[in-house]
Amino acid sequence: MNSANNDIIQSIPFDVDKIRAQFPILNIQVNNKPLVYLDNGASTQKPNSVIETTNFYYSNQYSNIHRGVHKLSQIGTDLYEKTRLNFQHFINATTPSEIIFTKGTTHGINTIAYTYGRKYLQKGDEILISGMEHHSNIVPWQIVCEIYGAILKVVPIEQNGTISLEKFKTLLSPKTKLVAMTYISNSLGTINPIKEIIDLSHQNGSHILVDAAQAIHHLPIDVQELDCDFLVFSGHKMYGPTGTGILYGKEALLDALPPFEGGGDMIKEVRFDKTTFNDLPFKFEAGTPNIAGIIGLNAALDFIKEIGLPQIMAHDKQLLDYCHQQLGEIDGIRFFGTSQEKAGVVSFLINEIHPYDIGVILDNLGIAIRTGHHCTQPVMDFYNIPGTCRASFGIYNTMEEIDVLTNGLKRAVKMLS
Amino acid sequence: MKTIDEIQNEIIGDFEMYSDWADKYEYIIDMGKELKPISGALKIEDNIIKGCQSRVWLIADYENGKLNFQADSDAIITKGLVGMLTKVLSGHSPKEIAESNLFFMEKIGLQEHLSPTRANGLLAMIKQMKTYGLAYMTKEKMI
Ligand SMILES: Cc1ncc(COP(=O)(O)O)c(C=O)c1O
């Protein structure tokens, strides 16, 4: 490696080897090659602390929560509620009642789409999203718009994978009830100017939901400072268990919304003639939740806090710059998403080679990237491409792994051309 | 004319020479490059088998008791694999195709390409080829 590359490696803000040692899966071999995991945008691997916390809970502390006076139920309830408090502080929510546990981002968006729709949407109203949204921030709105006769409007993306605030402004109208927008694009890496978008939405009298699925483990989020009305993210993309997530909402707004799912835990009293609903946050947590997952999620949050978001972001930026630089030297490469403000996602195509073919060859080399539309089909349609290859980085990725990717790609190009 | 199983065994024989994954893929990619593309005019919605990632086109022709297939894909590895599948199944009777047991993919260590998570349209293509077999079997009985 040349000295320029060494400079970059030396400036990594924390000891990556120490971090890697906490992730057992990073020791496995795939197709007889050491695993190079570059599909963190889809989901991240789990550190020992998360695995062990979940294991310990099942082995020593398990029972249902919020229901029993017995010791185990109390322990479980305490641990579960501790996660809520940890997240309340992490995103600076005003009260724990504003933190609703969900199955993930998709579940959080659906919760708001259906309940907000029931409460506020009328014929002719508008919901405004962007052209870079994940399908889970498109389809729920399409469904509720159809139910209530509302109209879904879309801010188009620009060639470099950003959205223009000017165009955004022109699409805000007196009929715009709610804006739903991603903070960071999962297929392009674009970091949107979310604070401006939130302020413009409010000036227009619209509510706003922020999809923070790709942002929660990258950027410090202070919901009071942002002043967003709703914010959603998944546990599994922030080194936590699958089937966990958080929906933040301003207390007054959540209070005003009707419940989403009905069942146990979300009620105060059930009578056949009239049922009353529980207070926040339980009103939105029907049924037995993913208790072990939520408890494991607390360990994931502690893991992130211990490393520190500024350090994580600096590491991510170094990987991103190095990856752009190295891959940029491959003949015929085209990058999708070239915003100045960008997180560790590199989407690309090489010549006319189909992304699927590249994915198959890299898989044989032990390199896991994602190929296809990444659940953002409208983005692919915008660029008129079938999909892209996407490398996305996590805390444990190294510059050496970018080199493995670069060499793997060169080999793939040679084989496929 | 060789039977379906004889052709499968021939392909398995070809692959025995390759110990390395890269050699196997070179072979498949070459198959893909050699496969005659389906002309644009026939790449219509009716002939497309939608995989999530790579698209596959399949055309069946029935002549003198035999079914012939023509296939194509926008991904070269998928194209090589559909080329192998058409080589195995083309030119046989609908009954032989409908009742065929495709074992060669597994024997040459490429069964992962038939996994639904690969989303490459291959599994759907095999199903479609057998469906054509069944459909023409029924037609033959009616004549
Ligand atoms: C930006 C964005 N939004 C929403 C989602 C959906 O998240 P989940 O599948 O965890 O519900 C994802 C994950 O792929 C994402 O990246």
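Let's shift gears to the nonpolar core. One recurring pattern in soluble globular proteins: nonpolar side chains tend to sit buried together. Residues and elements named next belong to chain A. Among the nonpolar cores identified, the biggest contains 73 residues, and Ile91, Phe168, Tyr183, Ile221 and Leu231 are the most heavily contacted of them. It is helix α11 (residues 291–307) that provides the largest number of residues to this core, a total of eleven residues. In this structure Tyr183 touches Thr190, Ile191, Asn192, Ile194, Val210, Asp211, Ala212, Ala215, Leu219 and Ile221, once residues within four positions along its chain are discounted.

This part is about the interface of chain B and chain A. Between chain B and chain A, the contact holds 17 residues from the first and 16 residues from the second. For the pair chain B and chain A, the summed buried area comes to about 1500 Å², and 56% of that belongs to carbon and sulfur atoms. The interface formed by chain B and chain A contains zero salt bridges. Inspection of the region where chain B meets chain A yields six residue pairs in polar contact (both at pLDDT 80 or more). By residue number, the principal contributor to the side of chain B that touches chain A is helix α2 (residues 21–34) of chain B, which donates six residues. Here the side of chain B that touches chain A is composed, by residue class, of eight nonpolar, five polar and four charged.

A few words now on the environment of Glu269 of chain A. Residue and element names in this part refer to chain A. By secondary structure assignment, the location of Glu269 is in strand β11 (residues 267–270). Given a relative accessible area of 43%, Glu269 falls into the partly exposed group. Separated by 64 residues in the primary sequence, Glu269 and Ile333 have C-alpha atoms spaced 61 Å apart. Leaving out residues up to four positions away in the same chain, Glu269 has contacts with Lys274, Thr275 and Thr276. A distance of 3.4 Å separates a polar atom in the side chain of Glu269 from a polar atom in the side chain of Arg271.

Quick look at empty space enclosed by the protein now. Residues and elements named next belong to chain A. The full count for this structure, using the stated rule, is two cavities of 30 Å³ or more. Of the pockets and cavities examined, the largest cavity occupies roughly 50 Å³. Lining the largest cavity are Asn40, Gly41, Thr44, Gln214, His217, His218, Gly344, Val345, Ser392 and Phe393. When grouped by side-chain class, the residues that make up the lining of the largest cavity number two nonpolar, eight polar and no charged. When residues of the lining of the largest cavity are assigned to domains, at least three fall in each of domain 1 (3–30 + 309–416) and domain 2 (51–305). Size it by volume and the second largest cavity reaches roughly 30 Å³. In this structure, the second largest cavity is lined by His217, His218, Tyr239, Ile312, His315, Asp316, Phe393, Gly394 and Ile395.

Once that is clear, we can look at the confidence of the model for chain A. Low-confidence regions, as indicated by low pLDDT, have predicted coordinates that should not be scrutinised in detail. Residues of chain A with pLDDT of at least 70 account for 97%, and the chain-wide mean is 95. Every residue in residues 1–10 of chain A is under pLDDT 50, and counting partners more than four places away or in other chains gives 14 contacts.

Time to look at the pattern of salt bridges. Residues and elements named next belong to chain A. On inspection of all chains with the given rule, the structure shows 19 salt bridges over all chains. In this structure, Arg390 engages Asp39 in a salt bridge whose closest nitrogen and oxygen atoms are separated by 3.4 Å. Within this pair, whereas Arg390 is found in strand β17 (residues 388–392), its partner Asp39 is found in the loop between β3 (36–37) and α3 (48–61), the two being separated by 351 residues in sequence. Accessibility assignment for this pair places Arg390 and Asp39 in one class, buried. When salt bridges with common partners are traced through the structure, they connect Glu81, Arg84 and Glu285 into a single cluster.

Now for the site of the ligand. Residue and element names in this part refer to chain A. The local shell around the ligand consists of Thr105, Thr106, His134, Ser136, Thr182, Asn186, Asp211, Ala213, Gln214, Ser234, His236 and Lys237. Within the side chain of His236, a nitrogen or oxygen atom sits 2.7 Å from an oxygen atom of the ligand. Coverage of the ligand by the protein amounts to 86% of the 400 Å² it exposes when considered alone. Split by residue class, the shell around the ligand holds one nonpolar, nine polar and two charged.

Residue and element names in this part refer to chain A. Splitting chain A by domain gives domain 1 (3–30 + 309–416) and domain 2 (51–305). For domain 1 and domain 2, the distance between their C-alpha centroids amounts to 29 Å. Taken together, the 31 residues of domain 1 in the interface contact 30 residues of domain 2. Listed by contribution, the elements that provide at least two residues to the side of domain 1 that touches domain 2 are α12 (309–327), β14 (345–350) and α14 (377–383). Ranked by residues supplied to the side of domain 1 that touches domain 2, first place goes to α14 with six residues. Its residues assigned to classes, the side of domain 1 that touches domain 2 comprises 17 nonpolar, ten polar and four charged.

All names here are of chain A. Pairing is mixed across the open sheet formed by seven strands, whose spatial order is β4-β10-β9-β8-β7-β5-β6. A strand with exactly one partner marks an edge of an open sheet, and here the two such strands are β4 (99–102) and β6 (151–155). When strand polarity is set aside, the average angle formed by the axes of neighbouring strands in this sheet is 20 degrees. Bridge count between strand β9 (residues 230–234) and strand β10 (residues 245–249): five bridges; the pairing is antiparallel. Directly across from Val232, in β10, lies its bridge partner Leu247. Running at roughly 120 degrees to β4, helix α4 (residues 71–91) makes contact with β4, β9 and β10 of the sheet.

What follows concerns the environment of Asn92 of chain A. Residues and elements named next belong to chain A. In this fold, Asn92 is placed in the loop between α4 and β4. Assessed through its relative accessible area of 32%, Asn92 is described here as partly exposed. In sequence terms Asn92 and Gln45 are 47 residues apart; their C-alpha atoms lie 26 Å from each other.

This next bit is on the packing of helix α5 (residues 105–120) of chain A against helix α6 (residues 139–148) of chain A. In a packed pair of helices, the relevant descriptors are the angle between the two axes and the axis-to-axis distance. Residue and element names in this part refer to chain A. The contact between α5 and α6 brings their axes to 9 Å, and the two run at 15 degrees. Here α6 runs roughly parallel to α5, going by the angle between their axes. As α5 runs across α6, the sense of the crossing is right-handed. Here Ile109, Asn110, Ile112, Ala113, Tyr114, Gly117 and Arg118 of α5 lie close against α6, whose contacting residues are Pro140, Trp141, Ile143, Val144, Ile147 and Tyr148. Residues of the contact of α5 with α6, tallied by class, amount to ten nonpolar, two polar and one charged.

Scoring rules and cut-offs
- Residues numbered from 1 in each chain as written.
- Chains lettered and ligands numbered in written order.
- Predicted model: local features only at pLDDT ≥ 70, side-chain atom pairs only at ≥ 80, totals over all residues.
- Heavy atoms only, no water.
- Core = buried A, V, L, I, M, F, W, Y, C linked by side-chain atoms within 4.5 Å.
- Buried < 20%, exposed > 50% of the residue type's maximum accessible area, 1.4 Å probe, protein only.
- Helix = DSSP H or I, 4+ residues; strand = E, 2+ residues; numbered from the N terminus.
- Contact = heavy atoms within 4.5 Å.
- Buried area = accessible area lost by both parts, 1.4 Å probe.
- Salt bridge = Lys/Arg side-chain N within 4 Å of Asp/Glu carboxyl O.
- Polar contact = N/O pair within 3.5 Å; in protein donor to acceptor, adjacent residues only side chain to side chain.
- Nonpolar A, V, L, I, M, F, W, Y, C, P; charged D, E, K, R; others polar.
- 1 Å grid on protein atoms, 1.4 Å probe; cavity = no way out; pocket = protein on both sides within 12 Å on 5 of 7 lines; lining within 4 Å.
- Points joined across faces, edges and corners; volume = space filled by probe spheres on them.
- Domains from an automatic or database assignment.
- pLDDT = per-residue confidence, 0-100.
- Near = heavy atom within 4 Å.
- Areas by Shrake-Rupley, 256 points an atom, 1.4 Å probe, with all protein chains shown as cover.
- Pairing = 2+ DSSP bridges.
- Axes fitted to C-alpha atoms, helices over the stretch in contact; angles between N-to-C directions.
- Parallel < 35°, antiparallel > 145°, perpendicular 65-115°, else oblique.
- Left-handed = near helix turned anticlockwise from the far one by under 90°.

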